[in-house]
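Architecture and fold: a report
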Amino acid sequence: MVMEILTRYQSSSVLLLQKNLATIIICLLFAACTKDATVKLPDIAPKPVLVCFISPEDSFIRVKLTNSIPLYSSSTKNYPFEIKDAEVMISNGITSAQVPWYKDSVGYLLSTSLFPIKPGTSYTLQVKIPDGRVLNAFTTVPVEDFPAIDFSLIRQTVDSSDFGISYSFDYTMKWKDVAGIKNYYRGVIYNLYADSSLGADTTVQQSTEFFETDEGRDGGEIRLNGQGYLFYSSGSTIPAIGSNFIGYLMLSNRDYYLYHKDLFQDMGDNPFSEAKINFTNIEGGIGCFGAYRMAKKRF
Amino acid sequence: MYAQVNKHTLSGIIRESGSGETLPGVSIYCDSLRIGVQSNAYGFYSLTLPEGKHRIKISALGFSAIDSVITFSQNLRVDFNVGQGIALKEVVINAEVKKRISEESQMSVINIPVQQIKDIPALMGEKDVLKVIQLMPGVQKGSEGSSGIYVRGGGPDQNLIILDDANVYNAYHLFGFFSLFNGDALKSVELVKGGFPASYGGRLSSVINMQMKEGNQEEFHGEAGIGLISSRLVLEGPLKKKKSSFLISARRTYIDALIYPFLPPEQKGGYFFYDLNAKLNYTLTYKDRLYLSGYFGKDKFYFNSNNDGFKLKGNLNWGNATGTLRWNHIYSGKLFSNTSAIFTNYQLGIGSREEFDSSYFDLQFGSAIRDYTIKHDFDFYPNRKHHIRFGGLAIFHRFKPSAVVVKSSDALSAGISVNSIYTMESGLYVEDDWKISGRLKANIGLRVSHYVANKTSFTNPEPRVSARYSITEKSAVKASYALMNQYLHLLSSTGVSLPTDLWVPATRNLRPMQSQQWALGWAQELPKGINLTIEGYYKNMRDISFYKEGASFLLIDNPEGAQGINWEKNITQGKGWSYGSEFLLQKEKGKWSGWIGYTLSWTYVQFDSINFGKKFFPRYDRRHDISIVNIYKFNDRIKLSCTWVYGTGNAITLPVAQYDAAPHNPAQIDNYSQYNFIGFRNDYGEKNSFRMAPYHRLDVGIQFTKVKKRYTRTFELSFYNAYNRWNPFFYYIERGVTATQNKLMQVTLFPILPSVSWSWKF
């Protein structure tokens with residue numbers, strides 16, 4: 001219960017005290033002086049960024065390929081943000097296929113009907129960029145049959161005030177872990193609600209994201225509690241609350257898990273937190289080539 | 001064939017004349033036989049000599065020496081009073097005699113005269129023991145203004161800070177800018193960086209042992225001081241002349257009172273800290289003495305705001321309390337014992353309350369550590385070649401790593417407390433300071449430490465050896481080895497010392513830390529009372545702890561998962577290595593005194609779950625560290641002091657690029673694009689591969705002292721950072737529209753800061 005409350009309020013007083021404690025106090029007590037730093041800054045070339053997650057449950061193999069943007073360098077002009085002209089090859093060790101460029105904001109796309117992704121199989125991804133840079137990555141799809149998810153609403157609370165109306169939802173998600181192997185789970189739960197201009201269930205609001213492993217609970221039940229929160233200010237059109245939640249549970253490999261967990265925990269530019277170096281398993285660049293199995297449940 | 005010569009023991013207590021304060025570390029030296037001992041922490045000494053007439057020299061830093069001829073034909077107790085008074089008729093004052101570094105078998109030990117702490121200019125005029133220790137070679141500070149101590153590559157948690165036998169867990173005020181120890185109530189300060197005697201244990205990297213004054217046994221005295229941010233008062237005197245005395249010392253800041261009138265009525269806040277030291281002692285018999293001492297200190301930061309009915313209240317407070325009851329007993333001229341019962345408590349509290357109309361949200365966070373310790377130590381002097389120390393201690397720890405209580409108007413009230421953890425740490429030790437030959441002296445010891453937590457226990461033997469070999473009368477080569485274990489971990493998610501850093505015990509999943517240190521050194525006495533010490537060391541550490549990346553004391557790993565409340569799962573353990581060399585040229589007495597210290601060192605750490613398992617420099621790794629301290633006494637009225645420090649910049653992780661780190665978005669499974677742009681992430685490159693700008697600073701202070709009829713007044717004017725160097729405290733990126741417009745900005749905490757203070761001694 002307390003953890004639910006902490007989750008809900010972590011953006012307010014808890015974070016105020018925890019994350020910015022030192023900053024607040026130092027700023028209050030001392031008139032700190034700010035100026036341009038006079039140190040030699042790293043001047044690096046952009047790095048290729050590769051993101052690709054494959055799954056037997058997905059209809060496509062999607063590859064996103066971009067360049068990183070150096071923070072203190074002017075040498076970015078020859079490097080477009082999105083790399084569209086690379087040769088992207090995926091291989092399962094026996095056969096291989098090219099993932100062709102599809103379009104902006106989607107990237108490279110190949111139907112899994114042409115190159116199936118199978119549980120328990122390892123895949124390599126090789127990217128050759130015309131400027132000579134080459135990326136290599138390797139990942140293995142989890143083999144487990146996915147467990148059934150039990151997803152249920154515990155409580156719904158409606159609060160009305162002069163400012164508007166808010167809906168709080170407490171729900172729980174549980175499943176039985178597959179025994180005998182270390183499992184990594186990422187869950188994402190969304191609120192869905194109708195938008196009159198787009199039709200039912202077309203607007204998605206991410207509610208909760210969590211990361212779990214079965215450490216210490218191998219083969220046991222894993223149970224997670226989440227909370228949804230919607231607020232409509234006075235005077236706005238309150239949409240009908242229908243079939244509100246959809247939960248996705250990804251049983252992933254370690255690469256997929258660590259990459260997403262790092263993104264979730266990113267502390268940004270907070271100078272008082274230890275910098276978090278994001279996970280990468282891309283040789284020659286940064287990013288992630290990961291794999292997952294997926295189940296979803298809606299109610 | 002030689003005639004049998006009877007031997008007798010000369011023993012007693014060394015005191016400061018005028019105050020009756022017992023003096024530790026005083027050298028008692030028999031010139032003719034070229035043997036000597038040092039008084040122990042309670043001023044006791046014992047020297048076994050052949051029957052007859054002997055010239056005994058008593059010398060202590062900061063005191064006039066005593067040259068005394070004693071004739072004895074039986075065991076004799078002689079108490080010496082050093083200073084201005086003379087204890088015995090035969091005594092002759094001889095200022096040439098002093099403690100000799102080339103005589104000691106121990107190495108890597110620095111005694112810091114309390115008077116020097118008061119002479120050295122300090123931030124905002126607040127004299128600070130730990131800041132002076134930071135000026136010694138082998139010791140580094142964390143960040144600008146911080147009192148955090150990093151000794152030979154060890155973290156701030158690896159220092160055993162002892163005040164009158166009591167462990168002090170968070171020795172800092174004002175988020176690390178000042179330490180708890182201002183010098184007013186202190187009698188002695190000793191820093192041990194390596195070659196640890198077996199009597200010390202429980203930490204990997206250093207021991208900072210401080211003893212409080214006992215209080216003047218002869219007459220009432222006091223000292224009061226007013227500074228920029230705080231005032232202080234010390235009172236001491238006899239309760240029963242030459243039998244018992246007291247000392248009380250207090251300090252409080254007044255920042256809160258000064259800024260209060262300038263704050264808008266809807267936003268009020270403030271900060272203060274205070275210290276209170278108290279000590280009583282009572283001489284029961286000629287052989288027994290009791291001491292009762294305590295420290296109480298607290299920091300509190302608070303704020304209240306009211307914006308259009310939305311009320312926010314918050315506070316952060318932390319504090320230490322220690323209490324020590326000690327009994328000294330002299331069994332005989334050869335055997336002395338001390339028994340201590342010690343209480344230590346550190347607690348942190350954070351409170352926050354939001355209110356709007358009738359709704360509210362309350363959050364209270366607490367963390368605490370409490371120790372009960374019993375300690376029994378013996379000093380045994382069987383003959384003139386051996387000084388044996390032995391004893392044991394048991395510490396009963398109670399940890400409360402975190403407790404959260406939440407209350408709110410919407411019925412979502414609850415409380416959760418991580419169960420208190422009870423552990424027992426104990427140790428038995430024996431060490432012998434053994435004069436093997438005229439040239440060779442060694443301190444050989446063994447400590448056996450034992451630790452129990454739940455159903456887990458550890459027993460570790462810890463061998464300790466240090467030795468000196470005299471090359472000439474004034475030079476010696478020294479070497480040491482020490483193995484140390486530490487059963488506590490300090491978790492810090494920031495680069496600065498904050499009270500929110502959590503002390504946690506070793507458990508089945510969180511192994512105790514261990515270090516081994518080897519050191520080799522040269523000690524040379526130069527003319528005019530100048531000492532030169534050069535030491536090299538190598539230290540390895542295993543099972544040192546660190547928060548996993550992204551975890552911290554409250555923003556727990558996964559608030560909804562079972563591991564969210566399990567602090568052990570937020571910690572990773574790894575290894576560390578440090579090696580380097582230290583150079584110290586020191587002049588302790590005379591018109592000019594001070595030192596030049598230089599350290600060249602390398603420190604690496606490696607954790608499996610940080611930086612992809614690759615080793616990296618910790619933030620406090622510092623290649624070069626220089627301290628130059630000068631104190632010049634023009635006459636009895638004017639004293640000038642200046643300090644210059646230089647250090648390689650801290651190793652930090654700086655973002656070098658940003659990139660589109662797209663996550664997998666399962667809700668878009670039916671669309672082509674699953675990788676929505678969610679904002680740029682930083683690419684940091686290698687962990688701690690960037691160096692901040694070098695740190696350097698000059699502090700200058702001048703003291704004017706005037707002796708009045710009833711009191712002595714001292715006025716001090718000092719300048720911290722006299723040439724206004726803008727040292728970086730931290731960096732941040734001011735982001736522009738394009739990469740060429742991004743700028744790295746540095747924040748400097750302290751430009752030149754003048755301060756004045758007055759003190760009166762009566």
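Residues numbered from 1 in each chain as written. Chains lettered and ligands numbered in written order. Predicted model: local features only at pLDDT ≥ 70, side-chain atom pairs only at ≥ 80, totals over all residues. Heavy atoms only, no water.

**Points about the side chain of S91 of chain A**
Residue and element names in this part refer to chain A. Within the secondary structure layout, S91 lies in strand β5 (residues 87-91). On the basis of relative accessibility, which here comes to 19%, the residue S91 falls in the buried class. A distance of 3.0 Å separates a polar atom in the side chain of S91 from the backbone nitrogen of G93. Separated by 3.4 Å, the side chain of S91 and the backbone oxygen of T95 make a polar contact. (Helix = DSSP H or I, 4+ residues; strand = E, 2+ residues; numbered from the N terminus. Buried < 20%, exposed > 50% of the residue type's maximum accessible area, 1.4 Å probe, protein only. Polar contact = N/O pair within 3.5 Å; in protein donor to acceptor, adjacent residues only side chain to side chain.)

**What to know about the nonpolar core**
Residue and element names in this part refer to chain B. Ranked by size, the top nonpolar core spans 67 residues in total, and within it I133, F181, L186, V189 and M210 carry the most contacts. Here this core gathers at least three residues from each of two domains, domain 2 (109-208) and domain 3 (209-652). Beyond its immediate chain neighbours, meaning those up to four positions away, M210 contacts V129, I161, I162, L163, D164, F181, L186, S188 and V189. (Core = buried A, V, L, I, M, F, W, Y, C linked by side-chain atoms within 4.5 Å. Domains from an automatic or database assignment. Contact = heavy atoms within 4.5 Å.)

**Regarding the state of the cysteines**
The full count for this structure, using the stated rule, is zero disulfides over all chains. Of all cysteine sulfurs, the one in C288 of chain A lies closest to C52 of chain A, which takes part in no disulfide; the gap is 9.0 Å. (Disulfide = S-S within 2.5 Å.)

**What to know about the environment of K400 of chain B**
All names here are of chain B. On the secondary structure map, K400 appears in strand β27 (residues 386-408). Judged by its relative accessible area of 28%, K400 falls in the partly exposed class. Separated by 22 residues in the primary sequence, K400 and Y422 have C-alpha atoms spaced 9.0 Å apart.

**Notes on the confidence of the model for chain B**
Residue and element names in this part refer to chain B. Of the residues in chain B, 89% reach a pLDDT of 70 or more, and the chain-wide mean stands at 84. In the model, residues 85-98 has pLDDT below 50 throughout and makes 32 contacts with residues more than four positions away in sequence or in other chains. Contacts of residues 553-565 to residues separated by more than four positions or lying in other chains number 45 contacts, the stretch itself having pLDDT below 50. (pLDDT = per-residue confidence, 0-100.)

**Details of the pattern of salt bridges**
Residues and elements named next belong to chain B. This structure, assessed with the given rule, holds 47 salt bridges over all chains. Among the ionic pairs, D377 bridges to K375, the shortest N-O distance being 2.9 Å. Judged by its relative accessible area of 17%, K375 falls in the buried class. R511 serves as the salt-bridge partner of D543, at 2.9 Å between the closest nitrogen and oxygen. Of this pair, D543 sits in strand β36 (residues 530-547) while R511 sits in the loop between β34 (502-505) and β35 (513-526), placing them 32 residues apart in sequence. Within this structure, D164, D165, K279, R326, K375 and D377 form a network of salt bridges that share partners. (Salt bridge = Lys/Arg side-chain N within 4 Å of Asp/Glu carboxyl O.)

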